[in-house]
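Listed here are the chains, written in short residue letters.
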Amino acid sequence: MPKITIDSTEIEVEKGTTVIQAAEQIGIDIPRYCYHPGLSIVGVCRICLVEIERMPKLQVACYTPVADGMVVHTNNEKVQQARRAVLEFLLINHPLDCPVCDQAGECWLQNFYMQHGLYDSKMVEDKVKKQKALPIGPNVMLDSERCILCTRCVRFCDEITETHELGIFNRGDHTELLPYPGQELDNKYSGNTIDICPVGALTDKDFRFRTRVWYLTETPSVCPGCSTGCNINVHHNDHRPYKAGGIRVSRLKPRYNPDVNQWWMCDEGRYGFTQVDADSRIVAPQKKTRGDWQLLSWQDAIDEIATKIKGILKKHGADAFGVILSPQMTNEGLFAAKRFFQETLEVENIDFEVVAREKGYADDFLMKADKNPNSEGAKKIGLSAVDNSGLEVAQMLADAKDNRLKALYICHHNLEKGFKKEEVKEALSKVDLVIFQGTNQNSTSNLANYCLPSASFVEKDGTFTNFAGRVQEIHKAVEPLGESKPDWTIFRNLSKRLGKSMPYFEAGDVFNALAEEVDAFKGLSYEKIGEHGVLLNGHRASTEKEMGALVA
Amino acid sequence: MSEKIISKFFDIEDSHTIEIYEKHGGYETIRKVLKQWTPEQIIEEVSNANLRGLGGAGFPAGRKWSFIPKDSPKPKYLVINADESEPGTFKDRYVIDHYTHGLFEGIMIASYAIGAHKAFIYIRGEYIRQTERLVEQIEAAYEKGYLGKGIFGSKFDLDLIVHRGAGAYICGEETALLESLEGKKGWPRMKPPFPAIEGAFHSPTIVNNVETLAYVPTIIKNGADSFANLGSERNGGLRLYSISGHVKNPGVYELPMGIPLREIIYEHAGGLENGNGIKAVIPGGSSSPILTPNEIDVNMDFDSLAAIGSMLGSAGIIVMDDSTCMVRALYVVTRFYHHESCGQCTPCREGTGWAEKVLKRILDGAGRPEDVDNLVEIADNIIGNTICPLGDAAALPIQSYVKKFREEFEYHVREGKCDVKGQ
């Protein structure tokens, strides 16, 4: 392994490592615009120039592989001068529209100017004019004047999505990034180009002029949009929600996880969070009386529902009770539900799977057809009908239609996604007690007698298990809306009211209990999940070759 | 010094045809080579002849050929750089026009030496007549069996393809040329890998200038020493000097490497018009640092010019007499490099445009005292910091014009006008 010296620190690195990577290993951040670890190296921005002894010219750290005995200076006078020069070149034709630019505050021109620039501009000429506010796709706006032509977005579309929508046109300082004629930036992953744009050239239509980024707080989480479980950061506006029309969650950004999504996420997941602040949110317990919804306190709701459940079980027995849980729920919600229904109520008709009639979009990259984040968790916890020798969802609906089912507890599902509208309506109308528990109203909740408000994925702690058996944490970014509560809390409260208390105070308590009880989770603990998740027993990590498919 | 190799064909009628070329001993060398020479022997002979890359970089041609990996399973390519676009340079056009089959014979020998069975001539888009000539003469060579399967009855196959550029100066840079040849935007590549390892279509490729290859048959025919001895130390043979500007007889002159610049100007190009004095001379294409009258005794070879801080480059000499405004001259040169900057890397993309604007402002009478130093600083900040040599090509004139004619720039800034008579 070659040994090199960077700013008088000696380090041994693997052969093939570039100078920029080697410097990172010892905590030296060499500035970069065009370099991105997930993309090919082009060396065009020139901001990462460093001095390497015995080489006549400065070298780009991103492209230069280490060689044994190399002595690198990343911050001497010569390097600093070159950096200032490159920054000044990048800025001479860059518009001074930071006050109205959404990137301000997370702009690498601003950041590097403060870190490495701090010169007085000598540029007094007219700047080159280019196109501004050009919609280049359903999600992305282009401001050509702000573009520094690093080509990260072009390479993303060439190398990651292989959709080739973007190109660089014209020459010299008239060079411009644009979609190819007749094309638009409309692929399933287009939002990533905004993330990797180091400046304000590509901005998100969904985010433009909504919030200044310095009002945002980041909370690590996991995308609930499909069974891949891409790691994300939830960007939420805690400080000035009134400036954003009360919208608390401003955007989702992918969070690096080498074993899951690397740097990326799909647009479906990225823009799929709007239900969190939607008008359809169920914000308080409610019951339907003569066709009208009436709000209840939690106390009353729990009391009434507990009494009705008890009555039905007594009169018709556990066979007349059906439970449809959801792979949208966390492991904790599912485990608390399992204990409540199986142990407290001794019900056997438990299932969670509603096969969607319309198959979800899937590809060989990040998008899975199963649009639930926790199907694997639900299976492993043992909530399939087969595990409990109870009824499957379809059979429950059939039994309901034949008046054999007297109570149905439905979590989160919109049953119309799996069954015909009339079928669902007919079946549910024949059940005496239909309880719907979920975050948002849907056509199933409208058929219920009671609705209980669940906290959404940004409003609670917990874990999902992705398709590959990786347990990953979500974290509470904002307070539960209205009276909503995490699913596990609701089941805990109901259980207590019906005579069996669960000693859970936090999501971690539920997870640790689950880890003790369920084989696949044995040996795991909430405290040890970490930022990149852990694998369930019997699951292996993706091989480098498999992950290679993600990068290539 | 009356030895001529290429230019003796300039005055022969129909010298571009196979018949006339063969009448003057053409295609004898390749026939011998195919029968008697090994590729290694050719490379050694060309190395010993001190043949340098005559496109401008001056890299020893034989050494370049030796970089082709012997054990690569990939096809090898020879690419002929006929994108002649450096202002002041027009020699390759003469070679194509009058020494067409001499060039082909050089291509054949070089292809055989590096094991290439396909060669591409990348010709600048503006050379329409030359393109027609190449296509027509390549067809004639195919008909005779000089190109195609088993050339000259040997077992060696060679196809020759003409590819027209679209008019970008940058496509004369060898890696941008290869990108363009592959059908992509002409943006220079990062090196390494060098083309000899990974060039056209990811395969080992040698890129040679037209003139370089045109000298190859003579080297093999007459021997390395006889060629080397025509030139100076480490700079073998003759080369074609393009001379233009304020001289009586502009044109292409085939003269030895290392001949004094003064001799070219006064003896061969007839001196200046109207008996004017020299103000400045560009020795090797517009990118080479400019020379003052007291520097023109320099010998025209790569090493001598490098020693005085300039370069031989493409040997495109531009003579400026004392009626020339150096600010305007630099503006013209800078405008060219701004127009031709490919836009890929930051310093050249942004710096060339900035410098042009500053120069334009000075010419318009709105210069500021700090502009002169600022111009040099822009140039300093481009040099050495770019992917390809275009950045240096743009910056070197700025540095040298301002350094050597600083008073003229300062006068322009101070007075808002030119102090050169006749301007």
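Just so it is clear, the model here is predicted, and its values are computed rather than measured. (Residues numbered from 1 in each chain as written. Chains lettered and ligands numbered in written order. Predicted model: local features only at pLDDT ≥ 70, side-chain atom pairs only at ≥ 80, totals over all residues. Heavy atoms only, no water.)

> Please clarify how the overall build of chain A should be interpreted in this entry.
Tallying secondary structure elements over chain A gives 14 helices and 23 strands in all. With the C-alpha coordinates aligned to their principal axes, the bounding extent of chain A is approximately 90 × 50 × 40 Å. Counting over 552 residues, chain A shows a buried share of 57%. For chain A, the accessible area works out to roughly 23300 Å², and carbon and sulfur atoms hold 49% of it. (Helix = DSSP H or I, 4+ residues; strand = E, 2+ residues; numbered from the N terminus. Buried < 20%, exposed > 50% of the residue type's maximum accessible area, 1.4 Å probe, protein only. Areas by Shrake-Rupley, 256 points an atom, 1.4 Å probe, with all protein chains shown as cover.)

> How should I be thinking about the overall build of chain B in this particular structure?
A tally of regular secondary structure across chain B gives 18 helices and 8 strands. Computed over C-alpha atoms, the radius of gyration of chain B comes to 22 Å, within 12% of the 22 Å expected from 2.2 N^0.38 for 423 residues, which places it in the range of a compact globule. Dimensions of chain B, computed from C-alpha atoms along their principal axes, come out at roughly 70 × 45 × 35 Å. Burial statistics for chain B: of 423 residues in total, 62% are counted as buried. With 45 positive and 57 negative side-chain charges, chain B shows a separation of 2 Å between the mean positions of the two kinds. (Rg over C-alpha atoms; globule rule 2.2 N^0.38 Å. Lys, Arg positive; Asp, Glu negative; His and termini not counted. Charge placed at Lys NZ, Arg CZ, Asp CG, Glu CD.)

> Honestly, the domain arrangement of chain A in this entry has me stumped. Any pointers?
Accessible area lost during the coming together of the parts is what is often quoted as the interface size. Residues and elements named next belong to chain A. Per the domain assignment, the segments of chain A are domain 1 (3–90), domain 2 (98–204) and domain 3 (286–546). Listed by partner, the interface residues are 16 residues for domain 1 and 22 residues for domain 2. Between domain 1 and domain 2, roughly 1600 Å² of surface is buried when both sides are summed, and carbon and sulfur atoms account for 62% of that area. Broken down residue by residue, the surface that domain 1 buries against domain 2 is led by Tyr33, Leu39 and Glu88, which jointly contribute 39%. Applying the counting criterion to the domain 1 and domain 2 interface returns 1 salt bridge. Summed over the shared surface of domain 1 and domain 2, the number is 8 residue pairs in polar contact (both at pLDDT 80 or more). Looking at the side of domain 1 that touches domain 2 residue by residue, the classes come out as 9 nonpolar, 3 polar and 4 charged. (Domains from an automatic or database assignment. Contact = heavy atoms within 4.5 Å. Buried area = accessible area lost by both parts, 1.4 Å probe. Salt bridge = Lys/Arg side-chain N within 4 Å of Asp/Glu carboxyl O. Polar contact = N/O pair within 3.5 Å; in protein donor to acceptor, adjacent residues only side chain to side chain. Nonpolar A, V, L, I, M, F, W, Y, C, P; charged D, E, K, R; others polar.)

> Looking at this structure, I do not really get the domain arrangement of chain B. What am I missing?
Residues and elements named next belong to chain B. Examined at the domain level, chain B breaks down into domain 1 (7–228), domain 2 (238–321) and domain 3 (326–415). The centre of domain 1, based on its C-alpha atoms, is set 35 Å off from the matching centre of domain 3. Taking both sides of the interface into account, the surface hidden between domain 1 and domain 3 amounts to around 920 Å²; carbon and sulfur atoms contribute 70%. Ranking the residues of domain 1 by area buried against domain 3 places Tyr169, Trp187 and Pro188 at the top, with a combined share of 53%. Seen at the junction of domain 1 and domain 3, the total is 0 salt bridges. At the boundary of domain 1 with domain 3, the tally comes to 4 residue pairs in polar contact (both at pLDDT 80 or more).

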